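Geometric and topological summary
Take a look at the letters that make up each chain.
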Amino acid sequence: MTLPKLTKLELQIMEALWGLGASSIREIQEAFPERDRPAYTTIQTTIYRMERKKILRRSKKISNAHIFEAVISRNAAQGRLIDELLGLFGGRTQPVMAHLIESGRLTLDDVREAEKALRRLAKKEKSE
């Protein structure tokens, strides 16, 4: 299944759902910082659009409130965003890695973790 592209607001709503678990529209809205909190109706409209896109679903109804839960995982959404970013560079990872290094956002611990992941992947591919 191809993941739909997420807007910034949709991603923020998903972050709230991933953090809170199944939640009502009001709970999702209240998870936003008070200073930048979108209107209830903005969140509601966006959630209904996300439901049509099968990004989230209604899991139950409590009184008049529908409870929504994430359909896609944080890892899947992050993977889609990273793939989109790399697409801007023709699929090349080097410019992204160079920027992370130069900005100080990539640490030696990050590199060690990446090396471990690459070794695990190589072992898995050998055993298949």
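Residues numbered from 1 in each chain as written. Predicted model: local features only at pLDDT ≥ 70, side-chain atom pairs only at ≥ 80, totals over all residues. Heavy atoms only, no water.

1. Some thoughts on the side chain of Ser 23
By secondary structure assignment, the location of Ser 23 is in strand β1 (residues 23-24). In this structure the side chain of Ser 23 is engaged in a polar contact, spanning 2.7 Å, whose partner is the backbone oxygen of Gly 21. Beyond its immediate stretch of four places on either side in the chain, Ser 23 contacts Leu 17, Ile 28, His 66, Ile 67 and Phe 68. (Helix = DSSP H or I, 4+ residues; strand = E, 2+ residues; numbered from the N terminus. Polar contact = N/O pair within 3.5 Å; in protein donor to acceptor, adjacent residues only side chain to side chain. Contact = heavy atoms within 4.5 Å.)

2. Comments concerning the packing of aromatic side chains
Applying the stated criterion across every chain yields a total of one aromatic pair. Where Tyr 48 meets Phe 68, the ring centres are 6.3 Å apart and the plane angle is 55°; that geometry is what we call tilted. Here Tyr 48, found in helix α3 (residues 40-52), pairs with Phe 68, found in strand β3 (residues 65-70); they are 20 residues apart in sequence, far enough to count as distant. For Tyr 48, a relative accessible area of 26% translates into the label partly exposed. The exposure class of Phe 68 is buried, given its relative accessible area of 0%. (Phe/Tyr/Trp six-rings, centres within 6.5 Å; stacked < 30°, edge-to-face > 60°. Buried < 20%, exposed > 50% of the residue type's maximum accessible area, 1.4 Å probe, protein only.)

3. Re a nonpolar patch on the surface
Nonpolar side chains collect at one region of the surface, where Leu 85, Leu 88 and Phe 89 lie side by side and expose about 300 Å² of accessible area between them. Its place among the elements puts Phe 89 in the loop between α4 (74-88) and α5 (94-102). Accessibility expressed as a relative area gives 33% for Phe 89, which makes it partly exposed. (Patch = residues over 30% accessible without salt bridge, like charges linked within 9 Å, V, L, I, M, F, W, Y side chains within 5 Å. Areas by Shrake-Rupley, 256 points an atom, 1.4 Å probe, with all protein chains shown as cover. Salt bridge = Lys/Arg side-chain N within 4 Å of Asp/Glu carboxyl O.)

4. Some details on helix α6 (residues 108-127)
For α6, spanning 20 residues, the distance from its first C-alpha to its last is 29 Å, which sits close to the expected 28 Å at 1.5 Å a residue. Among the 20 residues of α6, zero are classified as buried, and the element is accordingly described as predominantly exposed. (Expected span 1.5 Å × (residues − 1).)

5. Let's talk about the sheet that holds strand β2 (residues 56-62)
Pairing within the open sheet is antiparallel, and its three strands lie in the order β1-β3-β2. Pairing within the sheet leaves two strands with one partner each, and these edge strands are β1 and β2. Summarising the sheet, β1 and β3 pair through two bridges and their orientation is antiparallel. Note on β3: the bridge partner recorded for Ser 23 is Phe 68. Those strands touched by helix α1 (residues 8-20) are β1, β2 and β3, and its axis lies near 90° from that of β3. Together, β2 and β3 form the strand contacts of α3, whose direction differs from that of β2 by roughly 120°. (Pairing = 2+ DSSP bridges. Axes fitted to C-alpha atoms, helices over the stretch in contact; angles between N-to-C directions.)

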